[in-house]
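Coordinate analysis (summary)
Residues per chain are reported as follows:
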Amino acid sequence: MNIAITYASMYGTTTSVAQELKRYLDQKNYTVDLFDVMETDADVLKRYTLVFFGVSTYGDGELNPVAEDFFTKTKELAHSCEHTKFAVFALGDTSYPQFGKSGELTHEILVSMKAQVLQPILTLEASPFDEAVRKIEIWADEIIKQLAVKC
Ligand SMILES: Cc1cc2nc3c(=O)[nH]c(=O)nc-3n(C[C@H](O)[C@H](O)[C@H](O)COP(=O)(O)O)c2cc1C
């Protein structure tokens, strides 16, 4: 199974989590490529069986601007991605009323593009970082297991 991890980050927190996820999956001998949405053409993602999509929450429960730009540019993503499944992880801070809402928004956008989104969406606070990393590792195992069963 070839896997991409794509992240949309403002100040690097989502990037760090994505890098940890890559490290974990590399250790498990998966083929994993890491993409910053700012440097990625969405068409590249259609080459992958599974795309982990990391995003952070800004404003009052909104997508970060980087993710907004990416989705504005990729309206046709779903039409060319029918063989790709997405799994969404969202960074946020529990002190905000709309904790990690960007995950739900990303899910809605992907579904509106007819992409397949695996469940659950993972909502994460990056602090303490070790705990966040452990959570994403457990979640990634769950996602991959699900996909292996479906394939
Ligand atoms: C101006 C601002 C608004 C934010 N709004 C939210 C929010 O509504 N909900 C939430 O869960 N987190 C919110 N956050 C927290 C960020 O999502 C969190 O710090 C995240 O780890 C940032 O990741 P990034 O550096 O990858 O962008 C906000 C942070 C800032 C600075």
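Quantities reported herein were computed from a predicted structural model and do not represent experimental measurements.

**Considering the pattern of salt bridges**
Applying the stated criterion across every chain, the model contains 7 salt bridges. Across the salt bridge formed by Arg 23 and Glu 20, the nearest N and O atoms sit 2.8 Å from each other. Taken together, the residues span about one helical turn, with Arg 23 and Glu 20 both in helix 1 (residues 13–27) at a distance of 3 residues. The partner of Arg 134 in a salt bridge is Glu 137, with the nearest N and O atoms 3.2 Å apart. On the criterion of helical spacing, the pair formed by Arg 134 and Glu 137 is a turn pair, its members being 3 residues apart in helix 4 (residues 129–150). Relative accessible area serves as the criterion here: at 47%, Arg 134 is assigned to the partly exposed category. What emerges from the salt-bridge pattern is a single network uniting Glu 20, Arg 23, Arg 134 and Glu 137.

**Topic: the layout of surface pockets**
The volume enclosed by the largest pocket comes to roughly 310 Å³. Taken together, 20 residues line the largest pocket, and the ones lying closest to its centre are Thr 57, Tyr 58, Leu 91, Gly 92 and Asp 93. Sorting the residues of the lining of the largest pocket by element identifies helix 1, strand 3 (50–58) and strand 5 (85–92) as the ones contributing at least two each. With 3 residues, the top contributor of residues to the lining of the largest pocket is strand 3. For the lining of the largest pocket, the residue count by class is 7 nonpolar, 11 polar and 2 charged.

**Concerning the nonpolar core**
Counting 25 residues, the largest nonpolar core has Leu 25, Leu 50, Phe 52 and Phe 89 as its most contacted members. For this core, the elements supplying multiple residues, two or more each, are strand 1 (2–8), helix 1, strand 3, strand 5, strand 7 (122–125) and helix 4. By residue number, the principal contributor to this core is helix 4, which donates 7 residues. Sequence-distant contacts of Phe 89, defined by excluding residues within four places in its chain, comprise Ile 5, Thr 14, Val 17, Ala 18, Leu 21, Phe 52, Phe 53, Gly 54, Val 55, Leu 122, Ile 136 and Trp 139. Core analysis: the next-biggest nonpolar cluster, separate from the first, contains 23 residues, Tyr 48, Val 55, Ala 67 and Phe 70 among them.

**Some words on helix 2 (residues 65–73)**
Residues of helix 2 that are buried: Val 66, Ala 67, Phe 70 and Phe 71. Angular distribution of buried residues about the axis of helix 2 spans 130°; they occupy a single face of the element. Helix 2 presents Thr 72 and Lys 73 as exposed residues on the side facing more than 90 degrees away from its buried surface. The inward-facing, buried residues of helix 2 abut strand 1, strand 3, strand 4 (62–63) and helix 3 (101–112). Where helix 2 begins, one side-chain oxygen reaches toward the backbone nitrogen of Val 66, 3.0 Å away; that side chain belongs to Asn 64.

Conventions and cut-offs
- Residues numbered from 1 in each chain as written.
- Predicted model: local features only at pLDDT ≥ 70, side-chain atom pairs only at ≥ 80, totals over all residues.
- Heavy atoms only, no water.
- Salt bridge = Lys/Arg side-chain N within 4 Å of Asp/Glu carboxyl O.
- Helix = DSSP H or I, 4+ residues; strand = E, 2+ residues; numbered from the N terminus.
- Buried < 20%, exposed > 50% of the residue type's maximum accessible area, 1.4 Å probe, protein only.
- 1 Å grid on protein atoms, 1.4 Å probe; cavity = no way out; pocket = protein on both sides within 12 Å on 5 of 7 lines; lining within 4 Å.
- Points joined across faces, edges and corners; volume = space filled by probe spheres on them.
- Nonpolar A, V, L, I, M, F, W, Y, C, P; charged D, E, K, R; others polar.
- Core = buried A, V, L, I, M, F, W, Y, C linked by side-chain atoms within 4.5 Å.
- Contact = heavy atoms within 4.5 Å.
- Arc of directions from axis to C-beta.
- Polar contact = N/O pair within 3.5 Å; in protein donor to acceptor, adjacent residues only side chain to side chain.

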